[in-house]
Amino acid sequence: MRILLLAPEISTPYSEGRKRFVLDLISELKHHDEVFLLTTTKIGQQTDVPIPYQTAELGHGALHLFYLFWQLPKVIKRFRPQLVCVFPHGTFRHLYGYASVCFMWSIDQICRNYQVPCQTIMYSIDEYSEPQRLQKYVSCLAMSQRKDWDGAVVNLGISCNDWPQYLCCSVSEKTLLFMAGMWEQTPQRIEHVIHVRGLGSLLQAGKFLAANGVHIIIAAPLFASSQCQDYLYKHPLNTWPSEHIKFRAIAKVPEIYREADLFVFPYQLNITHFVPTSVLEAMLSGLCVALSDRDFLLPLAQNEKTAYLFPANDPEKMATVLLDALNSKQARQEKVQNAQHYVRENWCIEVSVKQIRTLAHSMGYSG
């Protein structure tokens, strides 16, 4: 099959989940299909993928969407795809929402005009929209499995090859791991990581946790900057002693998961849809996981068979859950074994490819 992947900003750093899914998809598809990537690159970054691709280095975000819309007819004529897979951003607030919906609708219409099946695959959807609304604007809206969704399903999986079957680490210190893929080194992005991604709750719990011998690794590209690190140390929510915090600007996978005893994903907002790549990777690696009890995360916990749950926006209760988990190695190991089986059965990239192919056949592909 000739498959055209269309996605804005598949460029370095490859730390964000949507980018990493596209890269894993490329690695799996290229063995059996002819694959082409149409993407864009932010100024100062690079696109480097093991398949033919076309990109342009652009500034303002709207230019990235316009470039893809403008170039798509040319690429269709040249590459003659039998399937187009689109991976939009999941931001729909205010003007971003109009731009995102217009982009999705326009790309789908171009594919219709050239009679090419188009799958619009959502990595995430923020709280400003819902799949039932977005479904009206495209031929085929696909997203990962969830109870309230009866549309097309493509689980945004990860490459499971060469991962250890079982790896439950026990390091000399009780160590938490927090990760975020943000790379822009600005106070605004740090505040987003603190207040939306939930690092703020961990900062507030630091005094209690550190007093009980706990350390934390904060892994995010934006903390390559010493100024950003200093901003966090001095943040009014931070109660961790500096000697209990380690920063990792570059987090190699799966090595980063071997440095900790518990992976914490304390997301604060109850957004519409999101399956975090880092959570799936941590589960697959054998690192036990603790999640905030937001609705979109509950399916990953499988009624706490595969992960611990703690209340969002409650640092004290969160700290108690985390400390209990760190002190209960056997319980962590049981969750790890359940989690690895759950991810391999449902969230490997091979599952994603099979779902994309099945969906393509249902849309008329007969190859």
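Just above sits the structure.
Residues numbered from 1 in each chain as written. Predicted model: local features only at pLDDT ≥ 70, side-chain atom pairs only at ≥ 80, totals over all residues. Heavy atoms only, no water.

## What to know about the overall build of the protein
Here is step 1 of the chain: A tally of helices and strands in the protein yields 13 helices and 17 strands.
Here is step 2 of the chain: By the compact-globule yardstick of 21 Å for 367 residues, the protein fits well, its C-alpha radius of gyration being 21 Å.
Here is step 3 of the chain: Overall, the protein is about 65 × 40 × 35 Å in size when its C-alpha atoms are taken along their principal axes.
Here is step 4 of the chain: Of all 367 residues assigned to the protein, the portion counted as buried reaches 57%.
Here is step 5 of the chain: Taking contacts inside the protein between residues at least 6 apart in sequence as the whole, the part at least 24 apart equals 73%.
Here is step 6 of the chain: Total accessible area on the protein is roughly 15800 Å²; 50% of this is exposed by carbon and sulfur atoms. (Helix = DSSP H or I, 4+ residues; strand = E, 2+ residues; numbered from the N terminus. Rg over C-alpha atoms; globule rule 2.2 N^0.38 Å. Buried < 20%, exposed > 50% of the residue type's maximum accessible area, 1.4 Å probe, protein only. Contact = heavy atoms within 4.5 Å. Areas by Shrake-Rupley, 256 points an atom, 1.4 Å probe, with all protein chains shown as cover.)

## Re the side chain of His-273
Here is step 1 of the chain: Within the secondary structure, His-273 is located in strand β15 (residues 273-274).
Here is step 2 of the chain: Within polar-contact distance, the side chain of His-273 engages the side chain of Arg-146 at 3.4 Å.
Here is step 3 of the chain: His-273 has contacts with Met-122, Tyr-123, Ser-124, Ile-125, Met-143, Ser-144 and Arg-146, leaving out every residue within four places of it along the chain. (Polar contact = N/O pair within 3.5 Å; in protein donor to acceptor, adjacent residues only side chain to side chain.)

## So, the state of the cysteines
Here is step 1 of the chain: According to the stated counting rule, one finds one disulfide in the structure shown.
Here is step 2 of the chain: The disulfide bridge from Cys-160 ends at Cys-348, spanning 2.0 Å between sulfur atoms. Here the disulfide of Cys-160 and Cys-348 is left-handed, its torsion about the S-S bond being about -110°. Taken together, the residues span a long stretch of sequence, with Cys-160 in the loop between β10 (152-153) and β11 (174-179) and Cys-348 in the loop between α12 (329-346) and α13 (349-362) at a distance of 188 residues. By the burial criterion, Cys-160 is buried, and Cys-348 matches it.
Here is step 3 of the chain: Cys-118 supplies the cysteine sulfur nearest to Cys-140, a cysteine that is in no disulfide, at a spacing of 8.2 Å. (Disulfide = S-S within 2.5 Å.)

## Quick word on the sheet that holds strand β7 (residues 118-121)
Here is step 1 of the chain: Strand order across the open sheet formed by seven strands is β4-β2-β1-β6-β7-β9-β10, with parallel pairing between neighbours. Only two strands of the sheet have a single neighbouring strand rather than two, namely β4 (53-54) and β10.
Here is step 2 of the chain: When strand β9 (residues 141-143) meets β10, the two strands line up parallel, connected through two bridges. Each bridged residue has a counterpart across the sheet, and for Ala-142 the counterpart in β10 is Ala-152.
Here is step 3 of the chain: Its contacts with the sheet put helix α2 (residues 61-79) on β1 (2-6), β2 (34-38) and β4, and the angle it makes with β2 is roughly 155°. (Pairing = 2+ DSSP bridges. Axes fitted to C-alpha atoms, helices over the stretch in contact; angles between N-to-C directions.)

## Overview of the sheet that holds strand β12 (residues 214-219)
Here is step 1 of the chain: Reading across from one edge, β13-β12-β11-β14-β16-β17 is the order of the six strands in this open sheet, with parallel pairing throughout. Edge strands, defined here as strands with exactly one partner in the open sheet, are β13 (245-248) and β17 (308-310). The mean inter-strand angle of the sheet, taken between neighbouring strand axes irrespective of direction, is 25°.
Here is step 2 of the chain: Sheet topology note: the strand β16 (residues 289-292)/β17 ladder contains three bridges and is parallel. Bridged to Leu-291 within β17 is Leu-309.

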